[in-house]
Amino acid sequence: MKFVAVLIVLVALAGNLFVASADEGEEVQNPIVECSTTKGFLAIEVHREWAPLGADRFLELVKDSFYTNIALFRCVHKFLVQFGISEDPTKKHWHNKNLKDDPNIHIGVKKNYVSFAGGGPNTRSTQLFIAFEDLDFLGNEPWETPFGKCIPTVISIKDKTS
């Protein structure tokens, strides 16, 4: 139980999000979203080729500051951490905007991958999870397709809580 409490304090999203961008007229192939947390930075590299609808929704939510000042509400040791419920009244409309599933290209959920949490076909909206381990039983359904991965920063945050 101590692990859960510590992790929530360590990585609760608490501040600015930055999306790396290209020069005018250029497209960023794999944008990186940097999240300022209570214990440093968390960087998410977005892969549109894995899940274009999921990637675009995530970037749209980031641009709308949806994930600013939210806490993690589910952390399971050696499994995942989940977040994505905003208490900001100006952001709550996103909770009911379900996203269509991406085409399933059978990308499994690997350690540090980021995916929307869904409960069945076309149920993704705002909640995300980051895998702490390879989760071979996830990624078989279109609503589980990952859209990004945390680059090494999340490993150091996880290691601080072990």
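Residues numbered from 1 in each chain as written. Predicted model: local features only at pLDDT ≥ 70, side-chain atom pairs only at ≥ 80, totals over all residues. Heavy atoms only, no water.

Novice: Any chance you could explain the overall build of the protein here in plain terms?
Specialist: On a plain count of helices and strands, the protein comes out with 3 helices and 8 strands. Seen in sequence order, the protein has helices and strands lined up from the N terminus as α-β-β-β-α-β-β-β-β-β-α. For the protein, with 162 residues in total, the buried portion stands at 46%. Expressed as a percentage of contacts within the protein between residues at least 6 apart in sequence, the contacts between residues at least 24 apart total 64%. Total accessible area on the protein stands at roughly 8300 Å², and carbon and sulfur atoms take up 53% of it. (Helix = DSSP H or I, 4+ residues; strand = E, 2+ residues; numbered from the N terminus. Buried < 20%, exposed > 50% of the residue type's maximum accessible area, 1.4 Å probe, protein only. Contact = heavy atoms within 4.5 Å. Areas by Shrake-Rupley, 256 points an atom, 1.4 Å probe, with all protein chains shown as cover.)

Novice: Is there a simple way to think about the packing of aromatic side chains in this case?
Specialist: Aromatic ring pairs are described here by two measures, namely the spacing of the ring centres and the angle between the planes. Applying the stated criterion across every chain, the model contains 7 aromatic pairs. An aromatic cluster of three or more residues is present, and its members are Phe58, Phe66, Tyr67, Phe83, Phe116 and Phe147. Sitting over the ring of Trp94, Lys97 keeps its end group 4.8 Å from the ring centre. (Phe/Tyr/Trp six-rings, centres within 6.5 Å; stacked < 30°, edge-to-face > 60°. Lys NZ or Arg CZ within 6 Å of the ring centre and 35° of its normal.)

Novice: Looking at this structure, I do not really get the side chain of Gln82. What am I missing?
Specialist: Mapped onto the elements, Gln82 comes out in strand β5 (residues 80–83). In this view, Gln82 contacts Leu72, Phe73, Arg74, Ala117, Gln127, Leu128 and Phe129; residues no more than four positions away in its chain are not counted.

Novice: Help me out: how do you make sense of the nonpolar core in this one?
Specialist: Proteins that are soluble and globular tend to have nonpolar side chains buried together. By size, the foremost hydrophobic cluster in this structure holds 26 residues, and its most contacted members are Phe58, Tyr67, Leu128 and Phe147. Elements supplying a minimum of two residues to this core: β2 (32–37), β3 (40–46), α2 (52–63), β4 (72–76), β5, β6 (113–116) and β7 (128–131). At 5 residues, α2 tops the list of elements feeding residues into this core. Ranked by size, the runner-up nonpolar core spans 11 residues in total, among them Trp50, Ile107, Phe129 and Leu135. (Core = buried A, V, L, I, M, F, W, Y, C linked by side-chain atoms within 4.5 Å.)

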